[in-house]
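# Observations on the model geometry
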Amino acid sequence: MSEEMDRRVKFDIVMLSPQARGLTAGQTEDHVRMRNLDSGLEWIWPRQKFLNRKFAMQEMFEDFKEGENWQLPDEQDPFTETPDAEVYIGTSNLSLESLAYHMALEIALNITDYRDRKIGVLNVTLLPCNENGSPYTVEQDKFVDDPADLLNQDLHFTLKIASISGLPPQYADMYVQYTMFFENESNRSAVISDTSASELNFSKQFSFMPLTKEVLEYLSTGALLLQVWGKQRPPKDGSLHKSKNTKQMIKSELMVLASAAPNEPIKKTVDIAKVTSQMKMHVTEKKLARLEEKMAQFRKMIEMAEKNQKPRIHVKILWDVLRAPTPEVADQVMTLIPFDNILGERQSALCVLL
C-alpha cells in the first residue's frame, strides 16, 4: 500500500528482547518498524498499534483505488508519526554485584539498540555511602569477603549517571530512566538537548534498611536496565531520495543489501557476562589485597605477643583482629595483648604460640 500510494515509508517486522522493552526477563516479541525513506528516521510499533494503523491504511487505500480524496492531514494519516513522539534509543545493563561486596564501581557501559548493536556509551558509578550520602573514604573501606555478611545490615549507596556519548546525531531531547528494585515509579534524568551536550550528572541515593535476603540476591545476580529515550530530528539536508518514489527507493535499498558483503561484521555490545567476569576479577583482587592485609596484621600481632612475652593470645582478640574493618581498628584491638591475662586463662579460649 505504501508503494502504490507513494507514502515514502517502509514496514518491517523486528524482534524485541525483554531488555529492549525495559524488562529484565520474558520472551522476545515481534514488533513493526516503520521507517521514513526520506529522512531515515524510524519508529518501533507494538503489534496492536500496527494493526490499528493497518485498518486505517486499508480504508485510505480503498479510497485511493476508487479515485476518491484519500489524503489526510498528518495528525490523522496512519502512515505518519508525530515528530514529537518519544522513541526508545537503547539500553545499558548495569551489574549490581559490586554492591553485594560493599564495593564501588565506575564503568563505561555500552548502549545497545534493539538489534543489539552498540550505538553509544553511558558513564555510570555505584558508590556505597553512609546514611547521609557521604561516600566512604579509603580508610573507611567496608568491603566484605562474603555478601552474606551484609544481611540484616543497613546498606546505602548512590547511583550516578555522569554522561552519555557517542549516540547518532539524529537524536535530541534525550534522557535516561530506570526502576530500582521495589520501586513503583521510574527514576528519570534531566533532558539533554542534543548529542553534543553529553553531561547528565544524574544522581540518586538508595537505602535498604536492613538488607534482606531477597534484595541481596537481586544485587548479587541481577542487573539494572538503564533505558535511553529521546526524540528524532530529520537531517538538515532534507530528503535522502528527492528524485525517487517509494517503489524506486525500496528497490534501491534491496540492491544495496544484495551487493553488501554477506559476512560483514556487526558491531555488537560487550556481552553482560563479560562485564560480570570483569567484576568478579575486581572482587578477587580486592579479596587478595584484604587477605594480604590480614596476614600482615597477624604477623604484627604475633610480634607484639612475643615482645610482651605472651605465649597465648585470647581467641576473642584473634576474632576481633580478623573481623576488623580497617588496619587502625586491628591495631586498637592488638593493644589488649599485653593485658590478655585479664580475659582469663582457660586453654579453650586461648591460642597458644608454639
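Note: the structure precedes this text.
Now for a description of the structure that goes with this document. (Residues numbered from 1 in each chain as written. Predicted model: local features only at pLDDT ≥ 70, side-chain atom pairs only at ≥ 80, totals over all residues. Heavy atoms only, no water.)

In this section: the packing of aromatic side chains. Evaluation of the coordinates by the stated rule reveals 13 aromatic pairs. Clustering of aromatic rings is evident, with ring pairs tying together Phe-157, Tyr-178, Phe-202, Phe-206 and Phe-208. If you follow Arg-188 out to its NZ or CZ, it ends over the ring of Tyr-175, 3.6 Å from the centre. (Phe/Tyr/Trp six-rings, centres within 6.5 Å; stacked < 30°, edge-to-face > 60°. Lys NZ or Arg CZ within 6 Å of the ring centre and 35° of its normal.)

This part is about the nonpolar core. Counting 59 residues, the largest nonpolar core has Leu-94, Leu-96, Leu-122, Leu-159, Leu-219, Leu-224 and Leu-226 as the members making the most contacts within it. When residues in this core are grouped by element, the largest group, five residues, is from strand S7 (residues 155–165). Among the nonpolar cores identified, the runner-up in size contains eleven residues, and Ile-313, Ile-317, Val-333 and Ile-337 belong to it. (Core = buried A, V, L, I, M, F, W, Y, C linked by side-chain atoms within 4.5 Å. Buried < 20%, exposed > 50% of the residue type's maximum accessible area, 1.4 Å probe, protein only. Helix = DSSP H or I, 4+ residues; strand = E, 2+ residues; numbered from the N terminus.)

Here the structure, examined in full by the defined rule, presents 19 salt bridges. Of the charged contacts in the structure, one is a salt bridge between Arg-115 and Glu-42, with a shortest N-O distance of 3.8 Å. Linking Arg-115 in the loop between strand S5 (105–112) and strand S6 (118–128) with Glu-42 in strand S3 (residues 42–45), this pair joins segments that are 73 residues apart in sequence. Residues joined by salt bridges that share partners form a network here, namely Lys-10, Asp-12, Arg-33, Glu-42, Asp-113, Arg-115 and Arg-117. (Salt bridge = Lys/Arg side-chain N within 4 Å of Asp/Glu carboxyl O.)

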